[in-house]
2 protein chains.
Amino acid sequence: MIRARVVVTLKNGVLDPQGKAIEGALGTLGFAGFGSVRQGKVFDVEVEGEDRDAARDQLTAMCDKLLANTVIENYSVEFV
Amino acid sequence: MIRARVVVTLKNGVLDPQGKAIEGALGTLGFAGFGSVRQGKVFDVEVEGEDRDAARDQLTAMCDKLLANTVIENYSVEFV
């Protein structure tokens, strides 16, 4: 079994309302001295087999079809 | 400005309904040969200053107070 981590983040320039809400909440909680906060998603996926190239192809297809909205999001695949 | 990435994931043993839903959807889309899928959150945070130790302390406090539910979630902080 291959363990992979997919990280999906908003492309630069795309407004992140969740990030903005978190910035506001952190300020309310008394935090200062921080800049932007941008939120994304992380998926820990197990892929059967030992062929990393095949696993990367499958994970990429999973991202393109489901895990990421490639119009506004970037994704990265790494093996852990 | 220091750029950090906080990754928040569910602790082992904690049921992940979102992950289960994604597993189902991937199956429906025709994907096979994969095991579990577990979803988490990632936060890209900018912290002012250049002192990484101070930044790590602040990010840890942010996680403990807001970004993570430490009863069911783990978090990691790394500088990017």
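In the block above lies the structure referred to throughout.
Since the model is a prediction, treat every value here as computed from it, not as a measurement. All chains use their own residue numbering, which begins from 1 and follows the written sequence. Written order determines the labels here, with chains lettered from A and ligands numbered from 1. A pLDDT threshold of at least 70 governs which residues receive local features in this predicted model, and a stricter bar of 80 or more applies before side-chain atom pairs are shown or counted, although totals over entire chains, interfaces and linings include all residues. Side-chain metrics in this entry use all non-hydrogen atoms of the structure; hydrogen atoms and water are not considered.

Chemist: Got a minute to help me understand the pattern of salt bridges in this structure?
Modeler: Residues and elements named next belong to chain A. Salt bridges are counted wherever a side-chain nitrogen of Lys or Arg sits within 4 Å of a carboxyl oxygen of Asp or Glu. Using the criterion set out here, one finds eight salt bridges over all chains in the structure. Between Glu73 and Lys41 there is a salt bridge, with the nearest N and O atoms lying 3.5 Å from each other. Here Lys41 lies in strand 2 (residues 34-47) and Glu73 lies in strand 3 (residues 73-79), a separation of 32 residues in the sequence. Each helix corresponds to a stretch of at least 4 residues labelled H or I by DSSP, and each strand to a stretch of at least 2 residues labelled E; elements are numbered beginning at the N terminus.

Chemist: Would you take a moment to explain the sheet that holds strand 3 (residues 73-79) of chain B for this structure?
Modeler: Neighbouring strands of a sheet are bound in pairs by backbone hydrogen bonds; such pairs are parallel or else antiparallel. Taken in spatial order, the six strands of this open sheet run 3(A)-1(A)-2(A)-2(B)-1(B)-3(B), and their pairing is antiparallel. If you trace the sheet from one side to the other, it starts and ends with strand 3 of chain A together with strand 3 of chain B, each paired once. Strand-to-strand twist in this sheet, taken as the mean axis angle between neighbours without regard to direction, amounts to 25°. Paired strands, in this sense, are two strands between which DSSP finds at least two bridges. By the bridge criterion, seven bridges tie strand 1 (residues 2-10) of chain A to strand 3 of chain A in an arrangement that is antiparallel. Residue pairing across strands places Val8 of chain A opposite Tyr75 of chain A, the latter belonging to strand 3 of chain A. Angles run from 0 to 180 degrees between N-to-C directions of axes, and those axes are lines fitted to C-alpha atoms, restricted for helices to the stretch in contact.

Chemist: Is there a simple way to explain the layout of surface pockets in this structure?
Modeler: Over the atoms a probe the size of a water molecule is rolled, and this reveals where empty space is left. Note on definitions: the grid is 1 Å and covers protein atoms alone; a cavity is a set of points where a 1.4 Å probe fits but cannot get out; a pocket is an open set with protein on both sides within 12 Å along at least five of seven lines; lining residues have an atom within 4 Å of a point. Grid points are joined across faces, edges and corners, and a volume is the space filled by probe spheres set on the points. Estimated volume of the largest pocket: approximately 290 Å³. Of all the elements in the fold, those that place two or more residues in the lining of the largest pocket are strand 1, helix 1 (17-28) and strand 2 of chain A together with strand 1 (2-10), helix 1 (17-28) and strand 2 (34-47) of chain B. There is about 180 Å³ of room inside the second largest pocket. What lines the second largest pocket is Thr9, Leu10, Asn12, Asp16, Arg38, Gln39, Gly40 and Asn74 of chain A together with Asp44 of chain B. Elements with a minimum of two residues in the lining of the second largest pocket: strand 1 and strand 2 of chain A. Counting residues per element, the lining of the second largest pocket draws most heavily on strand 2 of chain A, which supplies three residues.

Chemist: Help me out: how do you make sense of the packing of helix 1 of chain A against helix 2 (residues 52-67) of chain B in this one?
Modeler: Relative placement of two packed helices is described by the angle separating their axes and the distance separating the axes. Viewed as axis vectors pointing N to C, helix 1 of chain A and helix 2 of chain B meet at an angle of 105°, and their least axial separation amounts to 11 Å. Accordingly, the angle class assigned to the pair helix 1 of chain A and helix 2 of chain B is roughly perpendicular. Of the residues in helix 2 of chain B, those touching helix 1 of chain A at Ile22, Ala25 and Leu26 of chain A are Met62, Leu66 and Leu67 of chain B. When the residues that make up the contact of helix 1 of chain A with helix 2 of chain B are grouped by side-chain class, the tally is six nonpolar, no polar and no charged. Just so you know how the angles are binned, under 35 degrees is roughly parallel, over 145 roughly antiparallel, 65 to 115 roughly perpendicular, and the rest oblique. Residue contacts are counted whenever heavy atoms from the two residues lie within 4.5 Å of one another. Residue polarity is assigned by list, with Asp, Glu, Lys and Arg as charged and Ala, Val, Leu, Ile, Met, Phe, Trp, Tyr, Cys and Pro as nonpolar; anything else, Gly included, falls into the polar class.

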